[in-house]
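# Architecture and fold: a report
Spelled out, the chains give:
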Amino acid sequence: MPSIPPLNIPANSAIAQREFLIGVATASFQIEGASKEDGRLPSIWDTYCNEPGRVLHGDTGEVACDHYHRWESDVDLIANLGVDAYRLSVAWPRVMDEKGRPNAKGLDFYKRLLDRLQEKGLQSYVTLYHWDLPQHLQDKGGWANRETAYRFADYAELMARELSGKVTAWATLNEPWCSAYLGYGIGRHAPGITDLRQTTQALHHLLLGHGLALPALQAHDPQSMKGIVCNIGAATPATDSPQDRDAAHLSLTQQNQWVLDPLLLGSYPQDIFRLWPGTEPLVLEGDMKTISTPLDFLGINYYFRTVVQADGHGRYTEAPHDMTVERTQMGWEVYPQGLRDLLIDFRSRYPTLPPIYITENGMASDDSVGDNGVADPQRIRFLERHLMAVNEAMMAGVDVRGYFIWSLMDNFEWAYGYERRFGITHVDYTTQVRTPKHSAQAVQAFLQQRKQA
Ligand code: IFM
């Protein structure tokens, strides 16, 4: 094995200081497998995977990384990296039955996992909803039905009661934008609906569920931090024309403000309804106050930029790809300055912006195991550049407290199945052998250096 040098991060930068939290992230459906074990109920993603043509190669979450059975060695893998924290999610259909009663076997899995993390000195950042809605709730309308928000609050309360004291930070939802837009708007995610009216209503109920969950978490687990994780995207105009600049504004409104404004300002940006006329959700009295309950932290997931142009109908469209820019296996542009610029922008846009954790950042590449291990030089550079972008935002006054790499290991990449590999650890899906990639070694060496400084 070649010895891989540490991530190239100056020792005097803010992100190289020990107080700055570094972690790795995963999510239940993407790694656990065991989709029918110990009373786990079907989720919308089980259903979606079984619909022909939805997921590349017909991949499913039935086995995934078999983490449900391999969690102990996976915790060792995390601990060996030398990171401070692990971000995971709980599978709602594993821990609650159709009547809302706890499922002891499912809960025990998370209790054992969280206890082991604690023993290893790892902080745990736990997301309650990373997209695996119980199918029985979808059968009643899913997030388009207001009832789901209340069921989510019940679930949050149960989790806070059961896992109290074991969790460093709770995130209610992961990327509600994806649940609403990809799930209800364009059907690229479960439940596969294409209806913009349901999209805005689903987002409203997701955010309402988030707001209702916060006091339940606080009541039963007062010591932990409480927040939400949102994906954000950078968008820039293809030209300087007023039309293209408006297109970029609309794209940013759709990708970012549509979700962040209600959380941090207590209102929806009106331009979202310029983009999608006639889709105003039904908002009941008090909802916006609930949704904008103050947060202990905001989790930010960032991956790429889109260059956009006016489509001639008052909306926007993606400009033809510039073939000279660097992209990842997903076709996403590598654009670290987008993360810096957005963070700086949020600081002035949102007076109540809470401390930020970058809860996901990373890239997919077509990695394989060779004689020298798994060489992923593009990922090493990607991580260095994005960490430095975070550092620049911090230098500009943004309160960023930590950074999680997506992902600990290759896993089920939703509609792309197992083909897209986001891990710093390679997973052989036939043998379930985990092989830390060169990026994992570079992260490990960086963290070791940081500890010794
Ligand atoms: O794999 C996903 C994750 O589940 C949510 N954020 C984006 C990642 C990469 O697409």
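All of the points below concern the structure found in this document. (Residues numbered from 1 in each chain as written. Predicted model: local features only at pLDDT ≥ 70, side-chain atom pairs only at ≥ 80, totals over all residues. Heavy atoms only, no water.)

### Focus: helix α14 (residues 377-395)
Formally: Strands are runs of DSSP state E lasting at least 2 residues, helices are runs of H or I lasting at least 4, and numbering of each runs from the N terminus. In this analysis, the expected span of each helix is defined as 1.5 Å times one less than the number of residues it contains. We call two residues in contact when some of their heavy atoms are within 4.5 Å.
When the terminal C-alpha atoms of α14 are compared, their 27 Å separation across 19 residues agrees well with the 27 Å that a helix rising 1.5 Å per residue should span. Residues of α14 that are buried in the fold lie against β1 (21-25), β6 (297-310), α13 (336-349), β8 (356-360), β9 (400-406) and α15 (438-452). G397 sits one or two positions beyond α14 and adopts a positive phi of about 105°.

### Details of the nonpolar core
For clarity, the threshold we go by: The definition of a nonpolar core used throughout is a set of buried Ala, Val, Leu, Ile, Met, Phe, Trp, Tyr and Cys residues joined through side-chain atoms within 4.5 Å. Per-residue accessibility, obtained with a 1.4 Å probe over protein chains only, is compared with the maximum for each type, and a residue is labelled buried under 20%, exposed over 50%, and partly exposed between these values.
Membership of the largest hydrophobic core comes to 126 residues, with the highest contact counts inside it found for W45, Y129 and W258. Each residue touching W258, except ones within four places of it in the same chain, is listed here: W177, A180, Y181, T199, T200, L203, T253, Y268, P269, I272 and W276. Grouped together as the second largest cluster of nonpolar side chains are 16 residues, L21, A85, A169 and Y357 included.

### A few points about the pairing of β1
Condition: What makes two strands pair is DSSP finding at least two bridges between them.
Within β1, 5 of the 5 residues are buried, which leaves it mostly tucked inside the rest of the structure. Across the two faces of β1 the burial is the same, with L21, G23 and A25 and I22 and V24 all buried. Across 5 bridges, the pairing between β1 and β9 is parallel. Looking at β9, one finds that A25 is bridged to W406.

### Considerations on the site of the ligand
Condition: Neighbouring residues are identified by heavy atoms, a residue being near a molecule or strand if any of them is within 4 Å of it. The term polar contact refers here to a pair of N or O atoms within 3.5 Å; inside protein, the definition further demands a hydrogen-donor-capable atom paired with an acceptor-capable atom, and it admits residues adjacent in sequence only when both atoms are side-chain atoms. All accessibility values rest on the Shrake-Rupley procedure with a 1.4 Å probe; residue burial counts only the protein chains present in the view.
The environment of the ligand is made up of Q30, H130, W131, N174, E175, Y303, W332, E360, W406, E413, W414 and F422. In this structure, an oxygen atom belonging to the ligand sits 2.7 Å away from a side-chain N or O atom of Q30. A distance of 2.5 Å separates a nitrogen atom of the ligand from a polar side-chain atom of E360. Protein contact buries 94% of the 280 Å² of open area that the ligand shows by itself.

### Some words on the packing of helix α10 (residues 242-264) against α13
Worth spelling out the cut-off: For every element, the axis is a line fit to its C-alpha atoms; helices are fit only across the contacting stretch, and the angle between N-to-C directions ranges from 0 to 180 degrees. By definition in this entry, angles of less than 35 degrees are roughly parallel, angles greater than 145 are roughly antiparallel, angles of 65 to 115 are roughly perpendicular, and the rest are oblique. In this scheme the handedness of a crossing depends on how the near helix is turned from the far one: anticlockwise by less than a right angle means left-handed, clockwise means right-handed. Each residue is assigned to one of three groups, with Ala, Val, Leu, Ile, Met, Phe, Trp, Tyr, Cys and Pro labelled nonpolar, Asp, Glu, Lys and Arg labelled charged, and all others, Gly among them, labelled polar.
Interaxial distance between α10 and α13 falls to 13 Å at its minimum, and their mutual angle equals 45°. Relative to α13, the element α10 is oriented oblique. Of the two elements, α10 crosses α13, and the hand of that crossing is right-handed. Here L252, N256, Q257 and L260 of α10 come into contact with α13, specifically with L342, F346 and R349. When its residues are assigned to classes, the contact of α10 with α13 shows 4 nonpolar, 2 polar and 1 charged.

### Observations regarding unusual backbone geometry
That bond from A190 to P191 is cis: its omega, 10°, falls within 30 degrees of zero. In this fold, P191 is placed in the loop between α8 (176-185) and α9 (196-220). Across the junction of W406 and S407, the peptide omega takes the value 20°, indicating a cis bond. Note on placement: S407 falls in the loop between β9 and β10 (425-427). Unusually for a residue other than glycine, D38 sits at a positive phi of about 50°. Here D38 shows up in the loop between α1 (28-31) and α2 (44-49).

### Some thoughts on the pattern of salt bridges
Applied cut-off: Salt bridge criterion: a side-chain nitrogen from Lys or Arg within 4 Å of a carboxyl oxygen from Asp or Glu.
Enumeration according to the criterion identifies 34 salt bridges in this entry. Across the salt bridge formed by D246 and R274, the nearest N and O atoms sit 3.0 Å from each other. With D246 in helix α10 and R274 in helix α11 (residues 271-275), this residue pair connects regions lying 28 residues apart in the sequence. You can call D246 partly exposed: its relative accessible area is 27%. Salt bridges sharing common partners tie together D367, D376, R379, D410, R421 and K437.

### A short note on the environment of G397
Note on placement: G397 falls in the loop between α14 and β9. We classify G397 as partly exposed; its relative accessible area is 37%. Separated by 50 residues in sequence, G397 and R347 have C-alpha atoms that sit 8.3 Å apart.

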